[in-house]
Amino acid sequence: MKNIFDNMLEGKVALVTGAGRGIGEQCARRLAECGASVILADLNFPSVEEVAADLTAQGAQARALECNVADFEHLEEKVEEAKAFFGRIDILVNVAGITGSTPITEITQESWDRMMNIDLKAMFFLTQAVFKIMKEQGGGKLIHLSSLAALRGGRSSDASYAAAKAGVLNLSKCFALSGAPYGIYSNAVCPGNILTPMGKSLSWSQKDPKTYIPIGRYGTAEDVSYAVLFYASPMSDYVTGDAMNVNGGLYM
Ligand SMILES: NC(=O)c1ccc[n+]([C@@H]2O[C@H](COP(=O)([O-])OP(=O)(O)OC[C@H]3O[C@@H](n4cnc5c(N)ncnc54)[C@H](O)[C@@H]3O)[C@@H](O)[C@H]2O)c1
């Protein structure tokens, strides 16, 4: 018997930012595995080239795109370049981001602006450019990586990071409201402590997860990719303006 999960995303085109490693890479792999053609965008071009080549070798449709999401002057051009690969964009996964672990008394205006530019402003303007394309196409799925820090404040990460990620949650709802009449969905994912290169740079990665995470282990990029798949697929066709916690019960 055929089930709805086989090639669930066949014919769909997904743009994933921050796809060079960590959560973004796994999201791109997951969507490709479900039949989507994927465009992997990252500041680090060699890394997305490598992932795209691996996906292609496995029979998927994948392309690499060098892209700094905070290069606002060229963002619309980059989105057009992304669209040109397969002629459309049906799914956008905003993953590219940075973090930091500066004490609250030491955050400078420069580091604040950098965080806001990459983690919040870029998310808005990149999504705005893709939103216009989706509106013309008659729909699409927007997924944004927020964070546990957006919900409970930044403990091991910068206050500016927590504030930016809280902004992402709100902007996701704004896109959900503006997009609903056009078949455009917008949802966010709030990961907890996920062992990626970014995660390993934060102080929690030195703790024993059994002592503070109810599920007793750190999260993986794969764990997060399943939540992204849900929002990217028809399984979430009555869900918009939502946010899913993927945190092993760390915060509820
Ligand atoms: N790892 C965690 O525990 C965790 C928890 C909550 C939220 N998140 C969020 O998930 C997302 C991915 O996290 P990760 O752990 O995979 O991070 P990571 O640092 O391992 O990977 C981030 C990727 O984004 C790319 N990138 C950074 N700045 C960019 C820019 N200006 N333009 C384009 N690409 C850029 C990097 O090159 C890298 O490939 C981030 O938005 C992060 O805030 C992560």
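In what follows, the structure referred to is the one given above.
Residues numbered from 1 in each chain as written. Predicted model: local features only at pLDDT ≥ 70, side-chain atom pairs only at ≥ 80, totals over all residues.

Participant: What exactly am I supposed to notice about the overall build of the protein chain here?
Facilitator: What the protein chain contains, in helices and strands, is eight helices and seven strands. Across its three principal axes, the protein chain shows a C-alpha extent of roughly 45 × 45 × 40 Å. Relative to its full complement of 252 residues, the protein chain shows a buried share of 45%. A separation threshold of at least 6 residues defines the contact pool for the protein chain, and within that pool the share at least 24 residues apart is 74%. (Helix = DSSP H or I, 4+ residues; strand = E, 2+ residues; numbered from the N terminus. Buried ≥ 20, exposed ≤ 12 C-beta atoms within 10 Å, placed from the backbone. Contact = placed C-beta atoms within 7 Å.)

Participant: Before we go on, may I ask you to explain the environment of Tyr238 in this structure?
Facilitator: Here Tyr238 lies in the loop between α8 (221–232) and β7 (243–246). For Tyr238, a count of 7 C-beta atoms within 10 Å puts it in the exposed group. The spatial distance from the C-alpha of Tyr238 to the C-alpha of Ser157 is 33 Å, given a sequence separation of 81 residues.

Participant: Please clarify how the environment of Trp204 should be interpreted in this entry.
Facilitator: For Trp204, the position within the fold is in the loop between α7 (197–200) and α8. The exposure class assigned to Trp204 is partly exposed, which follows from the 19 C-beta atoms found within 10 Å.

Participant: Whenever I open this one, helix α3 (residues 75–86) confuses me. Can you help?
Facilitator: Buried within α3 we find Lys78, Val79 and Ala82. Taken end-on, α3 shows its buried residues confined to a sector of 100 degrees, consistent with a single buried face. Away from its buried face, by an angle of more than 90 degrees, α3 presents the exposed residues Glu77, Glu80 and Ala84. Those residues of α3 that are buried lie in contact with β1 (13–17), β2 (37–42), β3 (62–66) and α4 (109–137). One or two steps after α3, the chain reaches Gly87, where phi turns positive at roughly 85 degrees. (Arc of directions from axis to C-beta.)

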